[in-house]
Structures are given as structure tokens and as C-alpha cells.
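# Secondary and tertiary structure notes
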Amino acid sequence: MGYLSKKINEQILVYPFLVIILLYIAFYGAFVTHGFAESKLNLWFLVIFIPIILIDCFKTVLECWANTTFHNNSSEDQDLKKITVIIPTKDGGSTLDATLVDLLKKFKPKQIVVASNGSTDNTCEIARKYKVKLLNIEKPIGKIDAINEALKLVRTEFCLTMDDDVLIGNAIIDTRLLKNASGVAFRVLPKIENWITQIQAHEYRKSMDVGKNFHNSTATVQNISGAIGLFRTKELIRQINFHTGEFSGEDLQRTLLIHLGKENNRVLLSQSIVETEVPNTLWSLYKQRVFGWGPGLLSNTKNLFKILIKKDVHPKLRYEAFYTLFLVLIMDPLRLIALPILIWYPTITIIVYIFYVLLELIPYIKLRGKEPLWVIFITPIYGLFNFL
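This is a predicted model, so every value here is computed, not measured.

This paragraph deals with a positive patch on the surface. Residues Lys81, Lys108, Lys110, Lys133 and Arg155 make up a contiguous surface patch of positive charge. Among the structural elements, Lys81 can be located in the loop between helix H2 (43-65) and strand E1 (83-89).

Between helix H6 (residues 195-214) and helix H12 (residues 346-366), whose axes approach to 10 Å, the crossing angle comes to 70 degrees. Classified by the angle between their axes, H6 and H12 sit roughly perpendicular to one another. Viewed along their axes, H6 and H12 form a crossing whose handedness is left-handed. Between H6 and H12, the contacting residues are His202, Lys206 and Val210 on the first element and Glu360, Pro363, Tyr364 and Lys366 on the second.

Opposite charge on two side chains permits pairing when their charged atoms draw close. Throughout the structure, instances matching the rule amount to 18 salt bridges. We note a salt bridge from Lys143 to Asp163, for which the minimum N-O separation is 3.0 Å. Here Lys143 is found in helix H5 (residues 143-151), whereas its partner Asp163 is found in the loop between strand E4 (158-162) and strand E5 (166-167), with 20 residues between them in sequence. For Lys143, a relative accessible area of 13% puts it in the buried group. Between Asp209 and Arg187 there is a salt bridge whose closest N-O contact spans 2.9 Å. Of this pair, Asp209 sits in helix H6 while Arg187 sits in strand E6 (residues 183-190), placing them 22 residues apart in sequence. Per residue, the accessibility class of Asp209 equals that of Arg187, and both read buried. Because the salt bridges share partners, they merge into one network encompassing Lys143, Asp163, Glu250 and Arg254.

Thresholds applied
- Residues numbered from 1 in each chain as written.
- Predicted model: local features only at pLDDT ≥ 70, side-chain atom pairs only at ≥ 80, totals over all residues.
- Heavy atoms only, no water.
- Patch = residues over 30% accessible without salt bridge, like charges linked within 9 Å, V, L, I, M, F, W, Y side chains within 5 Å.
- Areas by Shrake-Rupley, 256 points an atom, 1.4 Å probe, with all protein chains shown as cover.
- Salt bridge = Lys/Arg side-chain N within 4 Å of Asp/Glu carboxyl O.
- Lys, Arg positive; Asp, Glu negative; His and termini not counted.
- Charge placed at Lys NZ, Arg CZ, Asp CG, Glu CD.
- Helix = DSSP H or I, 4+ residues; strand = E, 2+ residues; numbered from the N terminus.
- Axes fitted to C-alpha atoms, helices over the stretch in contact; angles between N-to-C directions.
- Parallel < 35°, antiparallel > 145°, perpendicular 65-115°, else oblique.
- Left-handed = near helix turned anticlockwise from the far one by under 90°.
- Contact = heavy atoms within 4.5 Å.
- Buried < 20%, exposed > 50% of the residue type's maximum accessible area, 1.4 Å probe, protein only.

What follows is the structure in C-alpha cells.
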């Protein structure tokens, strides 16, 4: 009940906050600008928008300009016998079947643990059908605690944790990468269903192939996606006493705890691509960002501060922690203040929009235009949607 009540309380708080933002925009338009207002580049633009633009530009150019490389994988680098797969799931019956069929092409049933976290659908029946190990937790305890319970069944050196909607396909599960590291991220890309998932494909690809790959040469990847990650089993066991168990940002917290560790505190990015399902409606996308990703950054501010002051941290990781904290504590409040200005001053809106389209072209060109070009013109608007 504690897990559920906490999750419900977090969600209840979000709706009044959204109403306050909308009222703030409406009142600004009614009493300050008196509707849409034509404006030249004024003090507001210089004080608020210029710093935001410069910081976004710096990060994009730096990460795109840097020489990056993937760690080459081959099937010879796989030692699948040393891996146990853990799938924490709650009511995942609609996707679990396909996930298990895909996994069983690489792993034996005894290597797969399905941790049913209070499921009320046919999740357990599907697990039994494929004769994988089933941990049936009757009452929901949360994703992290479900993984921790499943760890009691693990006897292998490595663990592959993954969601119930992930397809690994031909991905190489490279245990060699964990020789001097404790975690490996994968290039997670969405399953394309419609225009909403197509936009997310560009977002995910940019995050993996530009952002995370920027850190790959120094093993300072900041976040192993909650969708899938390869870990040393002893590291996951160590984290049982340190991970808060909070769902929001659980993957970011797990990765930061690796970096804050004393041994093998390195995280790499695999060259392999895996596929996951992502929200395919605007409402489900909004709920994912506002109830998961947004609070996830806030809940990890303490660990990010620890990264900043830790002595033996690589400059790239310190830079990423500083940027994330700066984003959460300073830039996001600035964006919130600037929101009605962006709405009610069309001239400023057009200038900012054109700039971010041009800025988005930099990673798009670096990634060799994998998504349709129209995605670049939608991305600035999508970014505003994400912020709200």
C-alpha cells in the first residue's frame, strides 16, 4: 500500500501544478500583453532567452563535435551462460509473450526470471507457458523491490534487467564489456507506430548515439535505460542497501550509484540496438514524462551533487552532472518564467523556433538523417510539450 499511495500522491500533485502554469500563461496574456503583442528584441529576450539558447547550443555542438566510437561487438564476445535475465512486470501480458519468444532464441528458460509485481492479468500464465522461472509477488511492491526479490534466485555473474516490452533481436549481449565496468547500456530505439513514435525515435537516437556515445570512450555514460541494462550481479546486490526504490528515475539512480561506487565504477554503451514500445498517444506520452522522467531528475539531485564533489570523477561525468543540475534548478525555472513571453510575443516565438530548428539539424546531420526531415521541424514544438 505504501508504494501505491506514494505513486498516487505524486500524480495528484501534478494536475494542480499544470493548472497553475496554464493560469499563469492566461493571466499574463490578459493583463500584461493584452493578447498577442508585437515586440522587438527586448530586455526579456536578452535576460532569459539568450542564456538558455547559448547553453543548449554549447551542449549540442560539444557532443556532436566530439569524436565518438562504439565498442565493437561480435557474437564471440557473448558468454550467455553467465547471464540471468530479470523481467520485472506488472500486468505485462500484452507484451510479455513476444518478449519471451524473442529471449528464448538466446537464453534457456532456466536463465529467465519473470518477477510478476502484483499482476492481475495473464502475466503469470504466460511465464508458466514458456517454463521460465516465475516469481509471483501477489501485492505490488514496485519495480526496484521486484528486481531485488528476483536477485535472490540469481546464481550467475551477470544480470540483464529488462522491461516486458523490449525485443533484443540480434543484439550482442557483450559480457566482455563488464571486465572493468559494472554496467552496460544499450542503444534503445522505439518501435515505430505513428508520427508520435517517429518523433521519439529521433529523440532516443540523439540521446543514445550523440549524448551517451559522447561519454563512451571514458566509460562515463550517465544513465542505463530502465528498458534494458547489463550489470554485474554483485553490483545490483550492493545497491539493495542504497537504492531508494523510487520508480521515478530508478534507472538514473542505479547508474549514478555505480559511478559513486568504489570498484569498477564505469558504465559503457554497447553498439547493439534493442527495440522497445513507447507511448503512441499524446496523453500517454505526457503521463510518461510528467510522472516518470521529470520527477526522476528531481529525485536524483542528491546523487548528482555527490558526483560533483566526488574526488576521482572524470571531467565528462562532472560536466554532465553539472549540466543536469543546472537544467533542473536554474534553466527549467527560467523556461517556466519565459513561457508566457514565448506564447504571447509572436516575433520572439518565430526567432526561437527558427534557432532550435537549425540547432536540431546539427545532430540530425551527424546521425545521417535516419528519421524523416519533417521531424526536425516538429522537434522544437515537441520540446515545449515535454517541458509542460
